[in-house]
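# Survey of secondary and tertiary structure
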Amino acid sequence: SALVGSDAFVSISTVSSASTIGDRYVLSSSAHVIVPEENEAMEVQSIMCTATAGTFTLSFRGLTTQPISFSARLTTAASGGDGTSLQEMLEALPTVGPVSVYVDPDDANAGTATSLEQAVCDHPSTSIPVATVLVAFTSLGCRGDLPPLDVDDSLLVGGGLTVGEDVQGAAS
């Protein structure tokens, strides 16, 4: 998944090849492209976790995820579709719908970690602090300024989990 300028959000599950024509990317597999209407912005919330063990839950609009491991991978692709990734746990909530989950490219701690390598609370290199994880709400049912994800991190060990608003959503 990637932000493309400020005009569109591209959610890509599998790309077998990519090429460019001028300044446009051409993908040879399916991609879900969401282009916000004028004066519309997708809500993007940030997650920062400093725990070293345990589980947490996230709630959105009154529904709560199953317990999520501190070492859960970020995306469905990273977990192999086994249902344990942060993306899969959030998308299992009917109040959420599709989301894109990725490492914040502006976080200095991200280094070369990709969304396939990064876990929610556990960086692949123990010498590097965990990078901020971003969750973009891409569902048509999640437009405008959304309530924050509620966190229960009482079962995390060695740190906690915080949620913030990276981009305030705006409906047209």
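Keep in mind the model is a prediction, meaning the values are calculated, not measured. (Residues numbered from 1 in each chain as written. Predicted model: local features only at pLDDT ≥ 70, side-chain atom pairs only at ≥ 80, totals over all residues. Heavy atoms only, no water.)

### Some details on the overall build of the protein chain
Operational definition: Strands here mean DSSP runs of E at least two residues long; helices mean DSSP runs of H or I at least four residues long; both are numbered from the N terminus. The rule is simple: take the accessible area with a 1.4 Å probe, protein chains only, and divide by the maximum for that residue type; under 20% is buried, over 50% is exposed, in between is partly exposed. Whether two residues are in contact is decided by their heavy atoms: any pair within 4.5 Å suffices. Each accessible area value is a Shrake-Rupley result obtained with a 1.4 Å probe; residue values ignore everything except the protein chains displayed when judging cover.
Broken down by element type, the protein chain carries two helices and 14 strands. A total of 172 residues make up the protein chain; the buried ones form 41% of that total. Taking the contacts inside the protein chain whose residues are at least 6 apart along the sequence as the reference set, 65% of them involve residues at least 24 apart. When the accessible surface of the protein chain is totalled, it reaches about 8800 Å², and 53% of it is carbon and sulfur.

### Observations regarding the nonpolar core
Under the convention used in this document: Take the buried residues of types Ala, Val, Leu, Ile, Met, Phe, Trp, Tyr and Cys, join any two whose side-chain atoms come within 4.5 Å, and each joined set is a nonpolar core.
Counting residues in each nonpolar core, the largest one holds 29 residues, and the members touching the most others are I47, L58, L86, V120 and F137. Put simply, the parts of the chain that give this core at least two residues each are strand 6 (44-49), strand 7 (53-60), helix 2 (86-91), strand 10 (99-103) and strand 11 (133-137). Sequence-distant contacts of I47, defined by excluding residues within four places in its chain, comprise L58, L86, V120, T132, V133, V135, L149, L161, T162 and V163.

### Points about the sheet that holds strand 14 (residues 161-167)
Under the convention used in this document: We treat two strands as partners when DSSP finds at least two bridges between them. Where helices are involved, their axes are fitted lines through C-alpha atoms of the stretch in contact, as for all axes, and angles between N-to-C directions lie from 0 to 180°.
Across the sheet, four strands lie side by side as 10-11-6-14; this open sheet has antiparallel pairing. With partners counted over all chains shown, the strands left at the sheet margins are strand 10 and strand 14, one partner each. Sheet twist, expressed as the average angle between the axes of neighbouring strands with direction ignored, equals 25°. Direction of pairing for strand 6 relative to strand 14: antiparallel, over a ladder of six bridges. Directly across from M48, in strand 14, lies its bridge partner T162.

### Some details on a negative patch on the surface
Applicable threshold: Within the patch definition used here, like charges are joined within 9 Å and nonpolar side chains (Val, Leu, Ile, Met, Phe, Trp, Tyr) within 5 Å, considering only residues with over 30% relative accessible area and no salt bridge. Throughout this description, the term salt bridge denotes a Lys or Arg side-chain nitrogen within 4 Å of a carboxyl oxygen of Asp or Glu. When charges are counted, Lys and Arg are positive and Asp and Glu negative, with His and the chain ends excluded. One atom stands in for each charge, and that atom is NZ of Lys, CZ of Arg, CG of Asp or CD of Glu.
A contiguous patch of negative charge on the surface is contributed by D106, D145, E165 and D166. Checked against the element boundaries, D145 lands in the loop between strand 11 and strand 12 (150-152). Looking at D145, the relative accessible area reads 47%, which means it is partly exposed.

### Some remarks on the pairing of strand 7
Judged from the two bridges that link them, strand 7 and strand 13 (residues 156-157) form a sheet pairing that is antiparallel. Across the sheet, A53 pairs through a bridge with V157, a residue of strand 13. Summarising the sheet, strand 7 and strand 9 (residues 68-69) pair through two bridges and their orientation is antiparallel. Paired with F56 across the bridge in strand 9 is I68. Where strand 7 meets strand 12, three bridges bridge the pair, whose relative direction is antiparallel. From the neighbouring strand, S59 faces strand 12, where its bridge partner is D150. Pairing geometry for strand 7 and strand 8 (residues 63-64), over two bridges, is antiparallel. By the bridge assignment for strand 8, F60 is matched with L63.

### Examining unusual backbone geometry
Of note in this structure, R61 is not a glycine but carries a positive phi near 50°. You can call R61 partly exposed: its relative accessible area is 43%.

### Let's talk about the pairing of strand 10
Strand 10 sits mainly inside the fold: five of its five residues count as buried. Taking every second residue as pointing to the same face, both faces of strand 10 are buried, with V99, V101 and V103 on one and S100 and Y102 on the other. In terms of strand pairing, strand 10 meets strand 11 through five bridges, oriented antiparallel. What sits directly across from V103, in strand 11, is V133.

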